[in-house]
Amino acid sequence: MAGPLNGKLVTVFGGSGFVGRHTVRALARAGWRVRVAVRRPDLAGFLQPLGSVGQIQAVQANLRYRWSIERALDEADAVANLVGILAPSGRQSFEAVQAFGARAIAEAAQAAGITNLTHVSAIGADPASPALYARSKAQGEAGVLAAVPEAVVLRPSIVFGPEDEFFNRFAKMAQISPVLPVIGPDTRFQPVFVGDVAAAIVAALDGRAERGTVYELGGPEVLTFRECLELLLAEIYRKRSIVPVPFWAAKLQGRILQMLPGAPLTLDQVLMLQRDNVVSDAAEAEGRTLAGLGIQPTSLEAILPTYLAQYRVQGQFADRRSA
C-alpha cells in the first residue's frame, strides 16, 4: 500500500534486484514516485503492484552507456544506486559495474543538478583489499563522493531476507547433503535485514542522514560463519555436520570453480571471507549506523522462520519432533 504522494521522483538503479525490490516498495510507501532503471524493464513488471497505479515505472538503462543514465535521470529529484554483483560475468565485471558504473551515475547526477544521491556499497570496501570485489566497491564510493560530495553511502553487512543468496543457498545445500563445508568458520558477520536496508535508503533520500557520510549497516547480532549455519540448521530442523575448509584449499577450489558458468565459488569470495564483515567501532561511536538513522535493527530470529520453513522435511507443518 502506497502512502500519500510527496510529488518527488526518485530514479533507482538496480531496483529489480534483491535489495531493490524491497527499496522500491519502501519508497512507494513513503510517497515517492519511483522510476526503476534496469537493463531489462520487460522483466521488472512485478514491481508495479508495489505502489499505486502509475507510481512505479521501469525504464531501460545500462551503466556502460552514459546517455541511458542521463535519460533515466531526466527530471528526477533524487537517485539511488543499488547496482552490485557478487561475481563477474561476461561484460559485467566488478570494474564496469561497481567502479565505473557508480561513478557514471554520480557524474550524470551532478550534471543534472541532483545532489540527493544515496549509494549502496558494502562493509569491507577497501582500496587496499586483495579482493577485487572490495577494491571495486571502494573505487565506486570514491567516484560517487568526488562527483557528488553530498551523497550518502550505505555499507551493509550480509543482507538477509526472503530472496537472499546466503541462508537460502545453504538451506538448499542442507536438503541434499549430509555435510555443510564452511570457509572461514570463525569469520564474523553482522547480518542485516533487507527491510532495514531499504528503510535506511528511504531515510537517506528523505534527508534524515548526514550528507557526505558513510554509514555502516549491521543487525543486532554478530555471529561467526559457523554460528550462522548452526542457526540455519536449527530453523530447518536438520542435523548436518559443519566441516571447516582450510583457506589454502578454498583458494585452490575458487581458482578452478570460478571458470565454470554460474561459478559456485570464486577466489575473490574466499579472499573476502578472510576478513570480518561487521560494523566498525568508529561507525558505532560516531552514530553512522542504523540506530543513527533512527532504525531499530531486526533480529535474525524474527525473520528467518518466515522463509526458511520451506526447507524443513515437512515444510511449514514440520515440528522439531519430526526432524
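This text follows the structure it describes.
Residues numbered from 1 in each chain as written. Predicted model: local features only at pLDDT ≥ 70, side-chain atom pairs only at ≥ 80, totals over all residues. Heavy atoms only, no water.

(A) Structural view of the sheet that holds strand β1 (residues 9-13). Here we have seven strands laid out as an open sheet, ordered β3-β2-β1-β4-β5-β6-β11, and parallel in their pairing. At either end of the open sheet lies a strand with only one pairing partner, and these are β3 (56-60) and β11 (214-217). On average, adjacent strands in this sheet sit at an angle of 20° to one another, irrespective of strand direction. One ladder, built from five bridges, connects β1 with strand β2 (residues 33-38); its direction is parallel. Within β2, the residue paired with V10 across the bridge is V34. (Pairing = 2+ DSSP bridges. Helix = DSSP H or I, 4+ residues; strand = E, 2+ residues; numbered from the N terminus. Axes fitted to C-alpha atoms, helices over the stretch in contact; angles between N-to-C directions.)

(B) The pairing of β1, seen in detail. Of all five residues that make up β1, five are buried, and the element is covered over most of its length. With burial as the criterion, each face of β1 is covered, one bearing L9, T11 and F13 and the other bearing V10 and V12. Of the crossover connections in this fold, the one passing from β1 over helix α1 (residues 18-29) to the parallel β2 is right-handed. Looking at chain direction, β1 and strand β4 (residues 78-81) are connected through four bridges and run parallel. In the sheet register, F13 faces β4, and the bridge partner there is N81. (Buried < 20%, exposed > 50% of the residue type's maximum accessible area, 1.4 Å probe, protein only. Right-handed = clockwise from strand over helix to strand, strands pointing away.)

(C) Region of interest: helix α8 (residues 247-257). What α8 keeps buried is the set A249, A250 and G254. Looking straight down α8, one finds its buried side chains confined to an arc of 140°; they lie on one side. Summarising the contacts, the buried residues of α8 are in contact with β8 (179-183), β13 (241-245) and α9 (267-272). (Arc of directions from axis to C-beta. Contact = heavy atoms within 4.5 Å.)

(D) Molecular detail of the pattern of salt bridges. This model, assessed by the stated rule, comprises nine salt bridges. In this structure, E107 and R66 form a salt bridge, with 2.8 Å as the shortest nitrogen-oxygen distance. Here E107 is found in helix α3 (residues 94-111), whereas its partner R66 is found in helix α2 (residues 66-72), with 41 residues between them in sequence. Here R66 falls in the partly exposed class, since its relative accessible area comes to 32%. Between E286 and R288 there is a salt bridge; the shortest N-O distance is 2.7 Å. Overlapping salt bridges, with partners in common, bring together E141, R155 and E216 in one network. (Salt bridge = Lys/Arg side-chain N within 4 Å of Asp/Glu carboxyl O.)

(E) Inspection of helix α5 (residues 167-176) at higher detail. When we look at burial in α5, the residues that qualify are F167, N168, F170, A171 and A174. Looking straight down α5, one finds its buried side chains confined to an arc of 165°; they lie on one side. Across α5 from its buried face, at more than 90 degrees, point the exposed residues K172 and I176. For α5, the elements touching its buried residues are β7 (159-160), β8, α7 (225-235) and α11 (300-308).

(F) Highlighting the packing of aromatic side chains. Overall, the coordinates contain nine aromatic pairs when judged by the stated rule. On the numbers, 6.4 Å between centres and 85° between planes, the contact of F160 with F167 is edge-to-face. Overall, the relative accessible area of 1% leaves F167 in the buried class. Between F189 and F225, the ring centres sit 5.4 Å apart and the planes meet at 70°, which makes this aromatic pair edge-to-face. Residue F189 is located in strand β9 (residues 188-189), and its partner F225 is located in helix α7; the two are separated by 36 residues in the primary sequence. In terms of burial, F189 and F225 fall into one category: buried. Counting every residue linked through ring pairs, the aromatic cluster contains F160, F166, F167, F170, F189, F193 and F225. Against the face of Y237 rests R312, its NZ or CZ located 4.2 Å from the ring centre. (Phe/Tyr/Trp six-rings, centres within 6.5 Å; stacked < 30°, edge-to-face > 60°. Lys NZ or Arg CZ within 6 Å of the ring centre and 35° of its normal.)

(G) Looking closely at the side chain of S177. The topology assignment puts S177 in the loop between α5 and β8. Here the side chain of S177 touches V179 through a polar contact of 2.7 Å, landing on its backbone oxygen. (Polar contact = N/O pair within 3.5 Å; in protein donor to acceptor, adjacent residues only side chain to side chain.)

(H) Representation of the pairing of strand β6 (residues 152-156). With five of five residues buried, β6 is to be regarded as a mostly interior element. Alternating positions in β6 separate into two faces, V152, L154 and P156 on one and V153 and R155 on the other, with burial throughout. For strand β5 (residues 117-120) and β6, the ladder comprises three bridges, and the chain directions are parallel. Paired with V120 across the strands is L154, a residue of β6. For the segment spanning β5, helix α4 (residues 132-147) and β6, crossover handedness is right-handed. As judged from the four bridges shared by β6 and β11, these two strands associate in the parallel manner. Residue pairing across strands places V153 opposite V214, the latter belonging to β11.

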